[in-house]
Amino acid sequence: MRAGGAESGATERRALINYMTRTCIEASKPMTILAGTQWRADPSFVEQNSGQAVYLFSPVYHTTQRRRHDLSTATTQGSAGEAPRPGATGGSRHARPPTRGRNDRASGVPFTSIQNVADNMLTNTSPTIRRGGVNTVFVMPNLVPPITTVKHCLAYKETLESLEPNVTFLMSLYLHPNISPETVIEAKRAGIAGIKSYPHGVTTHSDHGVMSYEHFYPVFEEMERQDMVLNLHGELPPSAGKDITVLNAEEAFLPTLLDLHQRFPKLRIILEHCTSAAAIEAVKSCGPTVAATITAHHLFLIVDDWAGDPHAFCKPVAKLPSDRRALLKTVVSGDSKFFFGTDSAPHRAETKRADRVAAGVFTQPHAVGFVIDALEQGVEMGVIKAEDVTKEKLENFLSEFGRSFYKVEDTRKERIVLSRPSDAVENLLRSADGSVEVVPFRRAKMTWGVSWR
Ligand SMILES: [Zn+2]
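This text gives an overview of the structure that appears in the document.

1. Remarks on the overall build of the protein
Then, in step 1: On a plain count of helices and strands, the protein comes out with 14 helices and 16 strands.
Then, in step 2: Among the 453 residues that make up the protein, the fraction classed as buried is 57%.
Then, in step 3: A fraction of 78% describes how many contacts in the protein between residues 6 or more apart in sequence connect residues 24 or more apart.

What follows is the structure, encoded as structure tokens:
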């Protein structure tokens, strides 16, 4: 069947999810990421219109593969629960491994098949959370209709937990006129982590988005009191009259960010999926209550990549080479204001090939691996140095900084192992019944494998 928007359950299908994870790359254990053929036998995979921003947090990191630059070589000890490992020392190495290798699907990979739920994108997506190296998720609220009540939010959380019990879901509300200061108090009591703002009409399911922030000042005041996080999709709507296009929509939003920060200095704010050097500078100029997430795909892409390739098109769009350089440098800068958020958005293949292309790329099944790949590429391009890519910096970017900003405990104490060689990224992901197809980001490219400990 073709899961259409009119069915019940469409809301879940359209979920936008932010994933946060506890990851670690701990030992060499070559394994494969599911190849296309294997994939097809699996009911698990992701669905359309579910954007997912993954916050991958990788505390301890080690591989013993000989690589062009072995990222396991940092000397820093891992986070809680991790024993020191002999051998995890030394500088970065430079020997690219064979890119084709093992094809065994390691049994150690948690892989949840969801049996009891009707097939839809969310059902199929959930198992790819952990596959991508993630066990903690910040769940975005832009469903249809948007999540604007605590009740709706908790019901959604329950659905997610039933789909994937081995993941911690941090929930959020959609900034909307329905949200009052009382809602904020109720949300805080219910354990909801944040409220996400979507300026009107800038991205997937932002039709109910914010026209003017002033209306929400009382809400922000209460959020500040309750210590909740405000997540910003930081783009202004396109406007020919104001010369705002996809290329400068983020930069044009930055004064709004600075203004909000000035008015509510204690309000924790995250500028989600920042894509530009200007955004990085703006976030740096703010106090410690303002942070930003960086996706995996923006570390690869520039304008030329998505101009002509719908599978690389997302919002905010990738910008200039200078912006990409700034992002890569920031990832390894050790600045705690910046951490990983995938904003991985699976869309049905047909919506990516349509006259009007859906915005979003799907990185979830290989989220952590892609970050490592991007940094390797950054080294090859001479943007960053191999020795900048340390275990400590990776852990911080992928795991610690995000958790710390969100003030969430790592209760699961899990680790992942990233290793090479691995298989190529699938050309196409297809649900078991063939009703849902998604083209993953970096299809057919080699990436790192993930297993769990
Ligand atoms: Zn967004």
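There is more to say, and it comes next.
2. Considerations on the sheet that holds strand β12 (residues 338-340)
The pairing of strands in a sheet comes from backbone hydrogen bonds and takes either a parallel or an antiparallel form.
Then, in step 1: Across the sheet, which stays open at both edges, the six strands sit in the order β7-β8-β9-β10-β11-β12 with parallel pairing between neighbours. Edge positions in the sheet fall to β7 (172-174) and β12, since each of these pairs with one other strand and no more. Ignoring strand direction, the axes of neighbouring strands in this sheet form an average angle of 30 degrees.
Then, in step 2: As judged from the four bridges shared by strand β8 (residues 194-197) and strand β9 (residues 229-233), these two strands associate in the parallel manner. Of the residues in β9, the one forming a bridge with Ile-195 is Leu-230.
Then, in step 3: Relative to β12, helix α14 (residues 391-406) is tilted by about 115 degrees, and along the sheet it contacts β9, β10 (268-272), β11 (290-294) and β12.

3. Thoughts on unusual backbone geometry
Then, in step 1: A cis amide bond links Lys-315 to the next residue, Pro-316, at an omega of -5 degrees.
Then, in step 2: Among the secondary structure elements, Pro-316 is positioned in the loop between α10 (303-306) and α11 (321-331).
Then, in step 3: Its identity as a non-glycine residue notwithstanding, Asp-227 has a phi of 60 degrees, on the positive side.

Thresholds, definitions, all that
- Residues numbered from 1 in each chain as written.
- Predicted model: local features only at pLDDT ≥ 70, side-chain atom pairs only at ≥ 80, totals over all residues.
- Helix = DSSP H or I, 4+ residues; strand = E, 2+ residues; numbered from the N terminus.
- Buried ≥ 20, exposed ≤ 12 C-beta atoms within 10 Å, placed from the backbone.
- Contact = placed C-beta atoms within 7 Å.
- Pairing = 2+ DSSP bridges.
- Axes fitted to C-alpha atoms, helices over the stretch in contact; angles between N-to-C directions.

In short, geometric facts, not functional conclusions.
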